[in-house]
Amino acid sequence: MWIKPTSNTGDQKIFSKVTTDFKDGFILGYVNGKIVYELLGAVNTYVLNSNESVAVEVWTHIAVTCSSGDKMKIYLNGELDAERSIGEYAPYFNSSDVLIGAASWQPTANYSNSTFDEIRYWHTDLSQETIKKYLHLELTEEHPNTTELGLYLPLDGTDATLLIDESLDIHGDSELY
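What counts as what
Residues numbered from 1 in each chain as written. Predicted model: local features only at pLDDT ≥ 70, side-chain atom pairs only at ≥ 80, totals over all residues. Heavy atoms only, no water. Phe/Tyr/Trp six-rings, centres within 6.5 Å; stacked < 30°, edge-to-face > 60°. Helix = DSSP H or I, 4+ residues; strand = E, 2+ residues; numbered from the N terminus. Buried < 20%, exposed > 50% of the residue type's maximum accessible area, 1.4 Å probe, protein only. Pairing = 2+ DSSP bridges. Axes fitted to C-alpha atoms, helices over the stretch in contact; angles between N-to-C directions.

Draft legend 1. Geometry of the packing of aromatic side chains. For the structure shown, the criterion picks out three aromatic pairs. Here F15 and F26 contribute two aromatic rings whose centre-to-centre distance is 5.5 Å and whose plane-to-plane angle is 20°, an arrangement assigned as stacked. Residue F15 is located in strand β2 (residues 11–18), and its partner F26 is located in strand β3 (residues 25–31); the two are separated by eleven residues in the primary sequence. Note on F26: relative accessible area 5%, which makes it buried. Linked through ring pairs, F15, F26 and Y121 together constitute an aromatic cluster.

Laid out in structure tokens, this is it:
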């Protein structure tokens, strides 16, 4: 996803999908300019902070990945910024709502003062090579992981109050689990 913050102070949530008991899901946000990626599980919770800060009024591409039993990673503008090892983990398989731009458990709190573009959610761990290659490209069926696309919001610079998931246009089936 692309993000352009108008402010990067405080605790702002970008993208979250969390159960009400906080025992399953993920949170992506930034705290005082640093990206914070959290994986919540019944047994373990993993947190990864970016090394670099996200600049105010500058478009930045953010990608995060995780692979159970391996690593969770943060990429900024296609470059690996931070990573950490994680144990066995099966993230995101809950029925909670996804919220973009605020905390899913409390939408009026921790909202993001940002503009978003090209929001993509994948059901697979993308490689750095794939992230870099498609960083500036519109998503088409040429992407090697199209069948793993769970959510696609191109936004195209619009001030949208209604968001339409266009992942169906790419591969004909969509489920965000």
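Next comes the rest of the description.
Draft legend 2. The sheet that holds strand β9 (residues 99–100), seen in detail. Here we have five strands laid out as an open sheet, ordered β5-β4-β3-β2-β9, and antiparallel in their pairing. Since the sheet does not close on itself, it has two edges, and those belong to β5 (45–53) and β9, each with one partner. When β2 meets β3, the two strands line up antiparallel, connected through seven bridges. Note that in β3 the partner of K17 across the bridge is F26.

Draft legend 3. Structural detail: the sheet that holds strand β6 (residues 60–66). Here we have five strands laid out as an open sheet, ordered β8-β7-β6-β1-β10, and antiparallel in their pairing. The strands lining the two open edges of the sheet, one partner per strand, are β8 (79–85) and β10 (114–117). The average undirected angle you get between the axes of adjacent strands in this sheet is 25°. With two bridges joining them, strand β1 (residues 2–5) and β6 adopt antiparallel strand pairing. For W2, the partnering residue across the bridge sits in β6 and is H61.

From the geometry alone we can't say anything about function, so treat these as descriptive.
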